[in-house]
Amino acid sequence: MSARAETGLWLAQRLSAAVLALCVLVHLVTIVLAVQGGLTAVEILGRTHGNAAWAAFYATFVLAAAIHAPIGLRAVAREVLGWRGPALEAAAAALGVALAAMGWRAVAGLFA
Amino acid sequence: MRAAGAASRWPARGHAGFWAFAAHRISGVALTLFLPAHFWALGQAIQGEAALDGFLRWAERPSVKAAEVALVVLLATHLTGGLRLLAIEFLPWSDRQKTILALAAGATLAVALAFLLSLI
């Protein structure tokens, strides 16, 4: 991969990290509040169904995670396993696409 | 010989910053492995309330609750460690790196305790 592309990945990792920092903070507060008194599907779906603002928030969260996680895992694979080359880039890209698809499917299920 | 090999591979492992690096790596990889399972579980909502409730009942087991606590700790660890890294890269350098590490660890512990108290 060219130096320019590596720089692009570095920047994407930091930009997604900044978005994730905010998302994770909100997510952790939501988790702590939501688990009080236990979780039921009625309660969860009552809170989420038709809520466009939360849907947008979690769709953004999914996108940032789908960018961040594969770039991080790619770096670990390179440094720890010494794995390099087009197969690694393809695997990282596939992981990103899979995470985005699975995450947005979950968002659709909860919020639509 | 194994110890010597490990020391030469990670010469800074006696430093607090090494453990911050290791915690960030391990939490990051673990969270990445967990994400597909998390999305699959939440995706049960597509099949309706009953499917989601079936999963939530399964998640009431003590072993799953313990895993949830571990996941919240991993998420908080990666968040505080990541904020520290962003500060190192984008803010002016501070000599108080060990203080910042202690703050990150303390914030992680606070999140873990808040989650544990909410579960009770």
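See the structure printed just above.
Residues numbered from 1 in each chain as written. Chains lettered and ligands numbered in written order. Predicted model: local features only at pLDDT ≥ 70, side-chain atom pairs only at ≥ 80, totals over all residues.

### Examining the overall build of chain A
Summing up its helical and strand segments, chain A has 4 helices and 0 strands in all. When the helices and strands of chain A are listed from N to C terminus, the series reads α-α-α-α. Taken against the 2.2 N^0.38 rule, which gives 13 Å for 112 residues, the C-alpha radius of gyration of chain A at 17 Å runs more than 25% over that of a compact globule. Principal axes of the C-alpha set define a box for chain A whose edges measure 50 × 25 × 20 Å. Buried residues in chain A amount to 23% of all 112 residues. Sequence-distant contacts, at least 24 apart, represent 81% of the contacts inside chain A between residues at least 6 apart. (Helix = DSSP H or I, 4+ residues; strand = E, 2+ residues; numbered from the N terminus. Rg over C-alpha atoms; globule rule 2.2 N^0.38 Å. Buried ≥ 20, exposed ≤ 12 C-beta atoms within 10 Å, placed from the backbone. Contact = placed C-beta atoms within 7 Å.)

### As for the overall build of chain B
Helix and strand content of chain B: 5 helices and 0 strands. Counted from the first residue to the last, chain B has its helices and strands arranged as α-α-α-α-α. Taken over the C-alpha trace, chain B has a radius of gyration of 18 Å; the compact-globule value for 120 residues is 14 Å, which it surpasses by more than 25%. In terms of overall dimensions, chain B has a C-alpha envelope of 55 × 35 × 25 Å along the principal axes. By the burial criterion, 19% of the 120 residues in chain B qualify as buried.

### Digging into the interface of chain B and chain A
Counting residues at the interface gives 28 residues for chain B and 30 residues for chain A. Listing elements by their share of the side of chain B that touches chain A, those giving two or more residues are helix H2 (16-43), helix H3 (49-58), helix H4 (62-90) and helix H5 (97-119) of chain B. A breakdown of the residues in the side of chain B that touches chain A according to their chemical character gives 20 nonpolar, 5 polar and 3 charged. (Nonpolar A, V, L, I, M, F, W, Y, C, P; charged D, E, K, R; others polar.)

### Some details on the environment of Val26 of chain A
Residue and element names in this part refer to chain A. Inspection of the secondary structure assignment puts Val26 in helix H1 (residues 3-34). For Val26, a count of 14 C-beta atoms within 10 Å gives the class partly exposed. Residues Val26 and Ala56, 30 residues apart in the sequence, show an inter-C-alpha distance of 13 Å.

### Here's the deal with the packing of helix H3 (residues 52-81) of chain A against H2 of chain B
Where H3 of chain A meets H2 of chain B, the closest approach of the two axes is 10 Å, and the angle between their N-to-C directions is 125 degrees. When the interaxial angle is binned, H3 of chain A and H2 of chain B end up oblique. H2 of chain B is crossed by H3 of chain A, and the crossing has left-handed handedness. Touching Ala65, Ala69, Gly72, Leu73 and Val76 of chain A of H3 of chain A are Arg25, Gly28, Val29, Thr32 and Leu35 of chain B, all from H2 of chain B. Tallied by class, the residues present in the contact of H3 of chain A with H2 of chain B amount to 6 nonpolar, 3 polar and 1 charged. (Axes fitted to C-alpha atoms, helices over the stretch in contact; angles between N-to-C directions. Parallel < 35°, antiparallel > 145°, perpendicular 65-115°, else oblique. Left-handed = near helix turned anticlockwise from the far one by under 90°.)

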